[in-house]
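What follows is the residue order along each chain.
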Amino acid sequence: MKQRTLSIIKPDAVAAGKAGKIIADIENEFHIVAMRKLQLTRAQAAAFYAVHAGKPFYDGLVEFMCSGPIIVMCLEADDVIARYRKLMGATNPEKAEEGTLRKKYAESMSRNAVHGSDAPETAAVEVAFFFPGCDLL
Ligand code: CMP
């Protein structure tokens with residue numbers, strides 16, 4: 001069954017000029033329903049990652065995610081949530097499999113190039129965070 005998920009190309013990868021290669025890898029497997037480039041405010045980054053509030057890495061994560069432009073995409077395909085997470089690879093690029101986005105493009109656990117929703121419920125919330133219903137075909 002077709003699913004949608006949210007993909008973010010994070011500030012490290014956008015600043016390093018890796019976005020084009022990442023988008024090409026994504027487009028190879030999935031339909032890109034919508035795409036935007038923007039810079040989050042601190043409040044928006046804090047709200048987006050609210051599920052991690054209180055964790056030791058939260059403040060650094062918020063700081064990093066509003067430090068520069070990001071590219072957000074709504075992706076669609078059969079089983080896209082799990083399949084996109086497989087394409088991204090492990091959160092820590094040192095543990096990511098060969099060929100995954102994080103293995104190829106990430107610098108470290110905290111500057112790890114890409115984000116993807118982890119479940120249907122979070123995908124619905126995260127897609128709606130960046131794309132109002134009227135923007136989605
Ligand atoms: P992401 O998939 O965007 O979801 C939360 C992010 O927190 C994660 O990718 C990492 O970039 C970041 N992060 C930083 N430190 C940690 C950690 N110790 N454990 C999990 N995530 C971390």
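Here the structure is a predicted model, which means the values were calculated and not measured.

Help me get a handle on the layout of surface pockets, residues and values and all.
If you add up the space inside the largest pocket, you get close to 680 Å³. In terms of lining residues, the largest pocket is bounded by 27 residues, among which Y49, H52, F57, L61 and H115 are the most central. At the level of elements, α3 (42-48), α4 (58-65), α5 (80-88), β4 (114-116) and α7 (120-130) are the ones that each hand at least two residues to the lining of the largest pocket. In terms of residue count, α7 provides more of the lining of the largest pocket than any other element does, 4 residues in total. A class-by-class count of the residues in the lining of the largest pocket yields 12 nonpolar, 10 polar and 5 charged.

Quick one: what's the story with the packing of aromatic side chains, residue by residue and with numbers?
Inspection of the entire model under this criterion finds 5 aromatic pairs. On the numbers, 5.0 Å between centres and 90° between planes, the contact of F48 with Y49 is edge-to-face. Y49 gets classed as buried once you look at its relative accessible area, which sits at 5%. Relative to F129, the ring of F48 has its centre 5.3 Å away and its plane inclined at 70°; by these criteria the two rings are edge-to-face.

Give a detailed account of the site of the ligand, specifying residues and quantitative values.
For the ligand, the full set of nearby residues is K10, Y49, H52, F57, L61, T91, R102, M109, N112 and H115. Between R102 and the ligand, the recorded distance is 3.2 Å, taken from a side-chain N or O atom to an oxygen atom. At a separation of 3.2 Å, an oxygen atom of the ligand approaches a polar side-chain atom of N112. Here the ligand, which alone exposes 450 Å², has 77% of that area covered by the protein. Taking a 2 Å distance to the grid points as the criterion, the majority of the atoms of the ligand fall inside the largest pocket. The residue inventory of the shell around the ligand, partitioned by class, reads 4 nonpolar, 4 polar and 2 charged.

Account for the pattern of salt bridges, with residues named and values stated.
Under the definition given, this model contains 5 salt bridges. In this structure, R4 engages E76 in a salt bridge whose closest nitrogen and oxygen atoms are separated by 2.8 Å. Remark: E76 occurs in strand β3 (residues 70-78) and R4 occurs in strand β1 (residues 2-9); sequence separation between them is 72 residues. Where R42 meets E63, a salt bridge forms, and the shortest distance between an N and an O atom there is 2.4 Å. Of this pair, R42 sits in helix α3 while E63 sits in helix α4, placing them 21 residues apart in sequence. Judged by relative accessible area, E63 falls into the partly exposed class, the value being 42%.

I'd love a proper account of unusual backbone geometry, names of residues and values included.
Most peptide bonds take the trans form, and the phi angle of most residues other than glycine is negative. Phi is positive for D79, which is not a glycine, with a value near 55°. Note on placement: D79 falls in the loop between β3 and α5. The exposure class of D79 is partly exposed, given its relative accessible area of 41%. In this structure, A113 takes a positive phi of about 70° despite not being glycine. If you trace the backbone, A113 turns up in the loop between α6 (101-105) and β4.

Definitions and limits used
- Residues numbered from 1 in each chain as written.
- Predicted model: local features only at pLDDT ≥ 70, side-chain atom pairs only at ≥ 80, totals over all residues.
- Heavy atoms only, no water.
- 1 Å grid on protein atoms, 1.4 Å probe; cavity = no way out; pocket = protein on both sides within 12 Å on 5 of 7 lines; lining within 4 Å.
- Points joined across faces, edges and corners; volume = space filled by probe spheres on them.
- Helix = DSSP H or I, 4+ residues; strand = E, 2+ residues; numbered from the N terminus.
- Nonpolar A, V, L, I, M, F, W, Y, C, P; charged D, E, K, R; others polar.
- Phe/Tyr/Trp six-rings, centres within 6.5 Å; stacked < 30°, edge-to-face > 60°.
- Buried < 20%, exposed > 50% of the residue type's maximum accessible area, 1.4 Å probe, protein only.
- Near = heavy atom within 4 Å.
- Polar contact = N/O pair within 3.5 Å; in protein donor to acceptor, adjacent residues only side chain to side chain.
- Areas by Shrake-Rupley, 256 points an atom, 1.4 Å probe, with all protein chains shown as cover.
- Sits in = over half its atoms within 2 Å of the grid points.
- Salt bridge = Lys/Arg side-chain N within 4 Å of Asp/Glu carboxyl O.

Purely spatial values, then, with no claim about function.
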